[in-house]
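Residues per chain are reported as follows:
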Amino acid sequence: MGICHHALWDKYYPITTEVLKRLTYELEVIIKLGYADYFLVVWDIIQWANKRGIPTIGRGSAAGSIVSYILGMTPVDPIKYKLLFERFLNPARSDPPDIDIDFCWKRRDEVIQYIYNRYGDNKVAMISTFNTYRHKSSIWDVARAMGMPSQEINELINTSIKEDKNLRYKKSNSQYRTIVNLAKNLEGRPRHMGIHCGGIVISPHDITDHVPLQKSIKGPLVTQFDMYSIKKAGLIKIDILGQRSLTVIAEVADTIQNKYNIHFDRYIMPDIDQKTAKLIRNGHTIGVFQIESPGMRGLLKKLQVDTFEMIVAASSVIRPGPADSGMLRHFVKRHHRKEDMNAVHKSLRELLKETYGIMIYQEDVIKTAEVIAGWSFNESDELRRSMSGKRVKEPFSKYRDRFIRDAVKREVTVEEALEIWRQMEAFSGYAFCKAHSASYATISVQSAWLKAHFPAEFMAAVMSNHGGLYHVSCYLEEVRRMGINILPPDVNMAESHFIAEVIEQNSSAYQRSAYDRFPGVRIGLLQVKGLTRRTLKRLLGKRKERPFESLEDFCIRAKPNLQEVERLIRCGSFDTFGYTRPQHLWRLKLFYNKIKTNDDGLFASTVKYSSPIPVVDYSVEKKLRDEFELMELTLEKHPLWIWKEAIQHHIDQFGKFIHAKDLYRHIGKKVKLVGWIISTQKKKTKAGERMQFLSCEDLTATYEAVFFPVVYRKFGRLLRGRGPYVIEGIVEDDFGHTPLKVEKIVIIKDK
């Protein structure tokens, strides 16, 4: 209690009666249920990480606790944002809570090692998981045990999944029949033990007094109990997870501190200023944690999101439950005041005011059950937990009759009670914890602020940490669209990872940013395929002594093999030495031939060629093809330029194409666009039919293309690889978002 009251002044001033009342209540519940030591252990781990500059964030339902907040375990003020402590812990709860902590993904192992050192190897263990048999794995293991060759097993698996003309033959074969029948009996049973992605357990005594241990394949001791059995054994797990976006934010903060002497406090959520708000409203959030998916970017534009509260709501309402039930559309309409907030019952009008009368959070279910049916916190929380369908006393449907009966007793009509239940049932299994959403939204705001104000540094960190949904090439094209120059992996200037550089101000190729800088992003040397880490280490080491003066100097000192040098040349790593790429390749060949007979070996020679070799430079298309082949990235232009002639041929053949940036001008019309796929998502309709969502781009912008079942059945087989494609369809208007309803697709091939 002393720690909490001392820390209270750091979070609240003045300290109000509401704050003290909430803190006192939470401490009483925590102490009464015996979880004070658990909180102190988690607090100790986070304090240790903070002192060593390891980024952390607490998430999950624990973010609804004021104790978690004032101890620095979670970042969101639960009173300001009306977060429910009872979602995390209530006096009648029988099972222990979880506190989930994310750490910098590069330093997570340091945290785990600290836990072992601090609390003792004999008291700490990772938690196991049991990987169960599924359709493919069960058939594979049974067939292998019966001596079937691998090729035949794969054929059986494929035919058992896909109904084809050979399936009847397979079923008629007695061996196949036996395998399939035995495999069905295995499905759902444990196959082998694994390690939980972040679960760790600390015991007050020797851990073997509580649970059996087993040495994992990777080395650490793990419990033979999974996370559910661990709770039954009386132990509480802590989730220690790696989060790449925390690393991105920390690296950008360090970079701008060192380069510009600008301090960014990564433990405080910045205000959403005008520049950040504009970025979010326009859906320019590629690379921004949790709000960069195609659907999310579209929703940000639909809602014109510019507040923290709306980011929290948007990241919840987009989940399958509210979206599939039609409540997402009602939410958007009500946000823009195009639809009245028609709450089913008058008591819900105030209760769900923040979300326009729509239940989108798990906490909404708890509060609704309390107000409508008069249930206790514990009963309401049991209803909430039953929605997940995991390890619950009763399935969600079993609560229906009791909920309606109790609601009617409180002057709610049967029709109203049934409709309220229908709304809860609509997002059963997909309901989102508001406290968790709010906690993660702080990372979203930090990321958006950094992208708005330091775009080059932010995008370089995202690509270096692979910190998002997309392939690195998608983020590089975002860099290009932002007017930031893309620089080659130069042997004298590039690091192993992507870095931001400040370009000379006399260049006209760059736009000024908010801090009067001319940004550029340099591709990292690790992006070059075939460059070994051993060579990279030598390259960086020798460069510290002095810069490389020429191609020959590089070969002599860095000692790469011939293929590595060729790849670096073709990627533009020697462009600053004053020769073209084909000239460098000829110089390398002459240099190589010259020293073949040199007894000292290839890299001992001091032969140099100062005269340019008269050879024609590569075309832009040839350079782009080489870069794309060796880095899956292109420097000067978008990869679509590789197919420039083929695209022009299709334009001449099929008529005028529009640019993605002009989609909003063609609402309701049939259009054709060039499409380069950056992400895909397959889904099933309520009828079980397959459809697909594509996120595409052309030279001007990104856009979304939707393949409904009929079109998907016809053209889905063509969606292999990234393209390019000719995509034809109708432009739809979805509250300012303009997805393309696809009618036809054609692969663009080289002429």
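Rules of the game
Residues numbered from 1 in each chain as written. Predicted model: local features only at pLDDT ≥ 70, side-chain atom pairs only at ≥ 80, totals over all residues. Heavy atoms only, no water. Helix = DSSP H or I, 4+ residues; strand = E, 2+ residues; numbered from the N terminus. Buried < 20%, exposed > 50% of the residue type's maximum accessible area, 1.4 Å probe, protein only. Polar contact = N/O pair within 3.5 Å; in protein donor to acceptor, adjacent residues only side chain to side chain. Pairing = 2+ DSSP bridges. Axes fitted to C-alpha atoms, helices over the stretch in contact; angles between N-to-C directions. Contact = heavy atoms within 4.5 Å. Patch = residues over 30% accessible without salt bridge, like charges linked within 9 Å, V, L, I, M, F, W, Y side chains within 5 Å. Areas by Shrake-Rupley, 256 points an atom, 1.4 Å probe, with all protein chains shown as cover. Salt bridge = Lys/Arg side-chain N within 4 Å of Asp/Glu carboxyl O. Lys, Arg positive; Asp, Glu negative; His and termini not counted. Charge placed at Lys NZ, Arg CZ, Asp CG, Glu CD. Parallel < 35°, antiparallel > 145°, perpendicular 65-115°, else oblique. Disulfide = S-S within 2.5 Å.

1. Considering the environment of S386
- Along the chain, the position of S386 falls in helix α19 (residues 377-386).
- Its relative accessible area of 2% is what places S386 among the buried residues.
- For S386, the side chain forms a polar contact with the main-chain oxygen of L383, separated by 2.6 Å.

2. Remarks on the sheet that holds strand β9 (residues 499-502)
- Read from one edge of the open sheet, three strands run β8-β10-β9, paired in mixed fashion. Strands with a single pairing partner mark the edges of an open sheet, and in this sheet they are β8 (485-487) and β9. With direction set aside, neighbouring strand axes in the sheet form an average angle of 35°.
- Judged from the three bridges that link them, β8 and strand β10 (residues 519-522) form a sheet pairing that is parallel. Across the sheet, L487 pairs through a bridge with R522, a residue of β10.
- The strands that helix α23 (residues 455-464) touches are β9 and β10; relative to β10, the one it contacts most, it runs at about 15°.

3. What to know about the pairing of β10
- With burial as the criterion, each face of β10 is covered, one bearing P519 and V521 and the other bearing G520 and R522.
- Taken together, the four bridges between β9 and β10 define a ladder with antiparallel strand orientation. Note that in β10 the partner of E501 across the bridge is G520.

4. Some remarks on the sheet that holds strand β14 (residues 725-731)
- Taking strand neighbours around the barrel as the criterion, the five strands line up as β11-β12-β13-β15-β14 in a closed arrangement whose pairing is mixed. Taken over all neighbouring pairs, the strand axes of this sheet differ in orientation by 55° on average, direction set aside.
- By the bridge criterion, eight bridges tie strand β11 (residues 670-684) to strand β12 (residues 690-697) in an arrangement that is antiparallel. What sits directly across from K682, in β12, is Q692.
- Its contacts with the sheet put helix α13 (residues 294-303) on β11, β12 and β13 (702-707), and the angle it makes with β13 is roughly 115°.

5. With respect to helix α14 (residues 308-317)
- With nine of ten residues buried, α14 lies mostly within the body of the structure.
- Among all positions of α14, only F308, M310, I311, V312, A313, A314, S315, S316 and V317 are buried.

6. Describing a nonpolar patch on the surface
- A contiguous nonpolar surface patch, about 200 Å² in accessible area, is contributed by V408, V414 and L418.
- In this fold, V408 is placed in helix α20 (residues 400-409).
- Judged by relative accessible area, V408 falls into the partly exposed class, the value being 37%.

7. Focus on a positive patch on the surface
- Residues K682, K684, R690 and R720 make up a contiguous surface patch of positive charge.
- Mapped onto the elements of the fold, R720 is located in the loop between α31 (709-715) and β14.

8. What to know about the packing of α23 against helix α24 (residues 472-481)
- Where α23 contacts α24, the two axes come as close as 10 Å, and the packing angle between them is 170°. Taken together, the axes of α23 and α24 lie roughly antiparallel to each other. Contacts from M459, V462 and M463 in α23 reach V472, Y475, L476, E478 and V479 in α24.

9. Here's the deal with the state of the cysteines
- Taken as a whole, this structure holds zero disulfides when the rule is applied.
- Between C696, a cysteine without a disulfide, and C474, which holds the nearest cysteine sulfur, the sulfur-to-sulfur distance is 11 Å.

10. Overview of the pattern of salt bridges
- Applying the stated criterion to the full structure yields 45 salt bridges.
- R144 serves as the salt-bridge partner of D141, at 3.2 Å between the closest nitrogen and oxygen. Linking D141 with R144, this pair stays in helix α6 (residues 135-145), spanning three residues, or about one helical turn.
- Among the ionic pairs, E478 bridges to R481, the shortest N-O distance being 2.9 Å. Remark: R481 and E478 occur in helix α24; sequence separation between them is three residues, near one turn of the helix.
- A relative accessible area of 27% means that R481 is categorised as partly exposed.

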